[in-house]
Amino acid sequence: MQSEAPVYWGARGCGGGGPVGRRREPVRYFIYEMKDYLQRAYLASGVTIFSTRKEVLEALGEANFKDLESRAFLAKEDAGGIGDFPTNGENQLKTPERLEFLTYEPDRMTMQTTTHGSRMLIVSNNYDPKWKAFVNGKETKIIRANHAFQGILLPGSGKSRIELIYSDPVLPWLFIVIPFGVLLIFAATRLIEKPSSQM
């Protein structure tokens, strides 16, 4: 005797009470707590430079949490402009330093830091050339760090104000073009409906 898969039935008056689908197992959700995690932005006190981005990825996969939170991992092709920034362990953080978000928006972030030496600010935004960085009002190069994040060099001790702004030259034109497009569609719809209403 051949058995059939179980089905459930619709309520009477809502489709005739016939089979509407197979019985499904309840969905289960699992929540995990991350004990070790990096902040949205953090200060790295040293840099390790690798020959290729592939080597950077491999090093990130093997690094422990202490290395990830204290060092920036750069490919040689992305390391231009770091100057004399320490690439060894002599610049490790010895005293607590401060990093505070002043504003946080999808296309703009402002932070203030207090450091005791040269640091690289790592921001876990996807690296994108459309982002611009300003340190104390002066535009600063954004370095591709940790393969996909943003790195901003803070060359000295003291307080720094860092501003990140997303600037896409196409966006202002979109805000102009889209309303005109909506108006054209509306006008075209009215023209199509007008002859049919006169018949």
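As shown above, the structure is provided for reference.
Report follows, based on the coordinates.

Reading the values: the criteria
- Residues numbered from 1 in each chain as written.
- Predicted model: local features only at pLDDT ≥ 70, side-chain atom pairs only at ≥ 80, totals over all residues.
- Heavy atoms only, no water.
- Helix = DSSP H or I, 4+ residues; strand = E, 2+ residues; numbered from the N terminus.
- Buried < 20%, exposed > 50% of the residue type's maximum accessible area, 1.4 Å probe, protein only.
- Contact = heavy atoms within 4.5 Å.
- Areas by Shrake-Rupley, 256 points an atom, 1.4 Å probe, with all protein chains shown as cover.
- Pairing = 2+ DSSP bridges.
- Axes fitted to C-alpha atoms, helices over the stretch in contact; angles between N-to-C directions.
- Salt bridge = Lys/Arg side-chain N within 4 Å of Asp/Glu carboxyl O.

What the chain contains, in helices and strands, is three helices and 13 strands. Here the chain holds 199 residues, and 28% of them are scored as buried. Contacts in the chain between residues far apart in sequence, at least 24 positions, make up 64% of those at least 6 positions apart. Approximately 14,600 Å² of the chain is accessible, and the part contributed by carbon and sulfur atoms is 57%.

One open sheet accounts for five strands, arranged β6-β7-β13-β9-β10; its pairing is antiparallel. Edge positions in the sheet fall to β6 (98-105) and β10 (138-140), since each of these pairs with one other strand and no more. If you compare each strand with its neighbour and ignore which way they point, the axes differ by 25° on average. Relative to strand β13 (residues 158-166), strand β7 (residues 108-115) is paired through eight bridges, and the arrangement is antiparallel. In the strand pairing of β13, Thr 114 is matched with Lys 159.

What follows covers unusual backbone geometry. In this structure, Asn 136 is a non-glycine residue whose phi angle is positive, near 55°. Of note, Asn 136 is situated in the loop between β9 (131-135) and β10. By relative accessible area, which is 51% here, Asn 136 ends up exposed. We note that Asn 146 has phi near 50°; this positive angle belongs to a residue other than glycine. You can see Asn 146 is positioned in the loop between β11 (142-145) and β12 (149-154). Classification of Asn 146 as buried rests on a relative accessible area of 8%.

What follows deals with the sheet that holds strand β3 (residues 41-44). Whenever strands of a sheet pair, they do so through backbone hydrogen bonds, lying parallel or antiparallel. With antiparallel pairing, four strands are arranged side by side in an open sheet as β3-β8-β12-β11. Sheet topology places β3 and β11 at the edges, where each strand pairs with a single neighbour. In this sheet, adjacent strand axes meet at a mean angle of 35° when their direction is disregarded. Pairing between β11 and β12: four bridges, direction antiparallel. By the bridge assignment, Ile 142 is partnered in β12 with Ile 152.

With that settled, consider the pairing of strand β8 (residues 119-123). Most of β8 is tucked away: five of the five residues are buried. Where β3 meets β8, four bridges bridge the pair, whose relative direction is antiparallel. Within the sheet, the bridge partner assigned to Ala 41 lies in β8 and is Val 123. As paired strands, β8 and β12 are joined by five bridges and run antiparallel to one another. Looking at β12, one finds that Met 120 is bridged to Leu 153.

The subject of this paragraph is the side chain of Thr 113. Considering the arrangement of structural elements, one finds Thr 113 in strand β7. In this structure, Thr 113 is in contact with Leu 43, Arg 98, Leu 99, Leu 154, Gly 158, Lys 159, Ser 160 and Ile 162, ignoring residues within four places of it in sequence.

What follows covers the environment of Asp 67. Along the chain, Asp 67 falls in helix α2 (residues 65-70). It is 9.5 Å that separates the C-alpha atoms of Asp 67 and Gly 46, two residues lying 21 residues apart in sequence.

This part is about the pattern of salt bridges. Per the stated rule, a full pass over the model turns up five salt bridges. Notably, a salt bridge pairs Asp 78 with Arg 53, separated by 2.8 Å at the nearest N-O pair. Here Asp 78 is found in the loop between β5 (71-75) and β6, whereas its partner Arg 53 is found in helix α1 (residues 53-62), with 25 residues between them in sequence. The shortest N-O distance in the salt bridge between Glu 97 and Arg 119 comes to 2.8 Å. Taken together, the residues span a long stretch of sequence, with Glu 97 in the loop between β5 and β6 and Arg 119 in strand β8 at a distance of 22 residues. One salt-bridge network, held together by shared partners, links Arg 53, Glu 77 and Asp 78.

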